[in-house]
Amino acid sequence: MQDDWSLNPNVRKLLRRVPLPISLPTPLRRGLGRSTATELLGTRAVLTHLRDSLDLALAQAVQHAGAAVTIADPAGDTTLTGRIVDGGGQLVPATADLPGGLLAAIVQSGASGDRRPVTLIHRVTRPHSSDLAVNETTDALLAVGHAAAQLPANSRLLLVIGPDLRGDSLAGLMTAATQGFARSAFKELGKTGSTCHVLRVEDAQAAAALAAFLASPRAAFLTGLDLLAQKSLAGDAADRPALEGKSVLVTGAARGIGAAIAERLALEGALVWINDIAQSQAAAADTVAQIRARGGQAEFIAADVGTLTGAQAIADAIGKGQGPLHGIIHNAGITRDRTLRKMSVAQWRQVLQVNFGAMHLVQTAVTPLLQPGAAMVLMSSVMGISGNFGQTNYSASKSAVIELAKQWACDGYARGLRANAIAPGFILTDMTAQMPVMNREMAKQLTALLQPGLPLDVAELACFLIGAQSRGVTGQVLRCDGGMAFGA
Ligand code: NAP
């Protein structure tokens, strides 16, 4: 699949000379190939707070992943700071509650003119002042935002809300203020390819693994996420997906996003069961051949996921093969866009059945094969959150998918099963190639990153959600949309 035209260097050179009312995107720094333990090599990380085990877990996670770490906390715990300095980090104390101080510390954290991306990790703390609105916590948001706005391209701002900021009305207000701040900040940061997320933390290890992923080039197209890092009954979160010896089913994987996910999972060592309808046999054979050519393992199962017999055929094939199953990506999906006046019963039912009903059929059929700790990813869409003209059937199905992910997460929690929904925005595939040119260009201008995503962007997120790195993430909706204005 081709990159977007506005990222072509020659086109960009030309457009800079012509005064057109369009903003050009910053090329994103993406991860390539199999994941490594040092995804953050060549980047810096700056933490505004180092006072407890959560801060230490975050600092160590980014340090172990290869980032050059700077602690900017003037009142940081000296024992904890010592551990980061021993690991090669540095201390550049800066007062984070006034604009300017933090930026000076970030500048000092590198050599002059250092353009390495920075992950700025800010722990949102409880204010000492009794003023609800103007206090150290809200002032620090401005200081952090001021610094983030001047970071090199492809930087990250992670706003961390720890377990201490919970349980009373003041904590609730500061959390809400931070979330509102982040929802605007990511829209400003996107033009330089930088992103911003909120992490609400119940479990420090889960938060550390999540922070390392969001800071990495694997998460280049994700922005504006607001996630909860929980304790998982399946064990601690790891620093890599760790899919060797696991088997994962991907539905609708002959082409597009599903094929990219299958290829990405196989690269991490998983045996991938590639499902699609029989008519897509040729495309599926290509995907299987590409995976095998790179030394991966893949098998094709021809079946229509929208039917009971199709779902059962999938379970039979996996059961007869090398089952059991450690993960499922419920990805198959279709569009039959029509306005309400023109929509037929067949178009309405077909979309609901393939996009949503099929997930229930397949899940029920393969449940006996699912291993404890298995993870499910359900493909929704931003249109399931915001709705869209001419897509009532699609939006209804994709909104129901989000609720299904929450219900499965709840039902499976005690068995260590996890379920999350991905809501892609505008991704370059055959499905979106059918969109009129003007709509495609408008969709890009409505994202914070000013560009469409690639199937690989969704694949990176799916791989993260299936693997051990995301053990503390369940029952959540993760937009993969470059910060689309719709519904955000
Ligand atoms: P795609 O290129 O059309 O691929 C979808 C695949 O699913 C196709 O190979 C399709 O086969 C297959 N499929 C359709 N009906 C099936 C059935 N009943 N049983 C088994 N397989 C079936 O679409 P995509 O863009 O990769 O989208 C993948 C998922 O992401 C979908 O759920 C979609 O709604 C969602 N999504 C995509 C975007 C985007 O921008 N691309 C945005 C939001 C959400 P045929 O092609 O032969 O029909």
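Description of the structure in this document.

**Here we look at the sheet that holds strand β7 (residues 226-229)**
- An order of β3-β2-β1-β4-β5-β6-β7 is seen for the seven strands of this open sheet, with the pairing classed as parallel. Because the sheet does not close on itself, it has two edges, and the strands there are β3 (90-91) and β7.
- As paired elements, strand β1 (residues 44-47) and strand β2 (residues 68-71) share four bridges and run parallel to each other. Paired with Val46 across the bridge in β2 is Thr70.

**What about the side chain of Thr48?**
- Inspection of the secondary structure assignment puts Thr48 in the loop between β1 and α2 (53-64).
- Here Thr48 falls in the buried class, since its relative accessible area comes to 6%.
- In this structure the side chain of Thr48 is engaged in a polar contact, spanning 2.8 Å, whose partner is the side chain of His122.

**Some thoughts on the packing of helix α11 (residues 345-366) against helix α13 (residues 392-412)**
- Interhelical geometry of α11 versus α13 gives an angle of 15° and a closest axis separation of 8 Å. On the basis of the axis angle, α11 is roughly parallel to α13. Both α11 and α13 take part in a crossing whose hand is right-handed. Seen from α11, the contacting residues are Gln347, Trp348, Val351, Leu352, Asn355, Phe356, Met359, His360 and Gln363; seen from α13, they are Thr392, Asn393, Tyr394, Ala396, Ser397, Lys398, Ala400, Val401, Leu404 and Trp408.

**A few points about the site of the ligand**
- In the vicinity of the ligand lie 28 residues, with Asp276, Ser280, Asn331, Tyr394 and Thr429 positioned nearest.
- One of the side-chain nitrogen or oxygen atoms of Tyr394 is found 2.6 Å away from an oxygen atom of the ligand.
- Between an oxygen atom of the ligand and a side-chain N or O atom of Lys398, the distance comes to 2.9 Å.
- Burial of the ligand by the protein chains amounts to 90% of its free accessible area of 880 Å².
- More than half of the atoms of the ligand fall within 2 Å of the grid points belonging to the largest pocket.
- Looking at the shell around the ligand, the elements with two or more residues in it are α8 (256-267), β9 (271-276), α13 and α14 (430-433).

**Details of the packing of aromatic side chains**
- One pass over the structure, following the stated rule, counts one aromatic pair.
- Judged by centre distance (3.9 Å) and plane angle (5°), the rings of Phe213 and Phe464 are stacked. Here Phe213 is found in helix α7 (residues 204-215), whereas its partner Phe464 is found in helix α16 (residues 455-466), with 251 residues between them in sequence. The same class applies to Phe213 and to Phe464, which are both buried.

**Considering the pattern of salt bridges**
- This model, assessed by the stated rule, comprises 20 salt bridges.
- The shortest N-O distance in the salt bridge between Asp168 and Arg126 comes to 2.8 Å. Placement of Asp168 in the loop between β5 (156-161) and α6 (169-189) and of Arg126 in the loop between β4 (118-124) and α5 (136-148) is noted, with a sequence separation of 42 residues between them.
- For Asp168, a relative accessible area of 37% corresponds to the partly exposed category.
- Residue class for Arg126 comes out partly exposed when judged on its relative accessible area of 29%.
- Notably, a salt bridge pairs Asp481 with Arg479, separated by 2.8 Å at the nearest N-O pair.

Conventions and cut-offs
Residues numbered from 1 in each chain as written. Predicted model: local features only at pLDDT ≥ 70, side-chain atom pairs only at ≥ 80, totals over all residues. Heavy atoms only, no water. Pairing = 2+ DSSP bridges. Helix = DSSP H or I, 4+ residues; strand = E, 2+ residues; numbered from the N terminus. Buried < 20%, exposed > 50% of the residue type's maximum accessible area, 1.4 Å probe, protein only. Polar contact = N/O pair within 3.5 Å; in protein donor to acceptor, adjacent residues only side chain to side chain. Axes fitted to C-alpha atoms, helices over the stretch in contact; angles between N-to-C directions. Parallel < 35°, antiparallel > 145°, perpendicular 65-115°, else oblique. Left-handed = near helix turned anticlockwise from the far one by under 90°. Contact = heavy atoms within 4.5 Å. Near = heavy atom within 4 Å. Areas by Shrake-Rupley, 256 points an atom, 1.4 Å probe, with all protein chains shown as cover. 1 Å grid on protein atoms, 1.4 Å probe; cavity = no way out; pocket = protein on both sides within 12 Å on 5 of 7 lines; lining within 4 Å. Sits in = over half its atoms within 2 Å of the grid points. Phe/Tyr/Trp six-rings, centres within 6.5 Å; stacked < 30°, edge-to-face > 60°. Salt bridge = Lys/Arg side-chain N within 4 Å of Asp/Glu carboxyl O.

Such coordinate-based values are descriptive only and should not be taken to indicate function.
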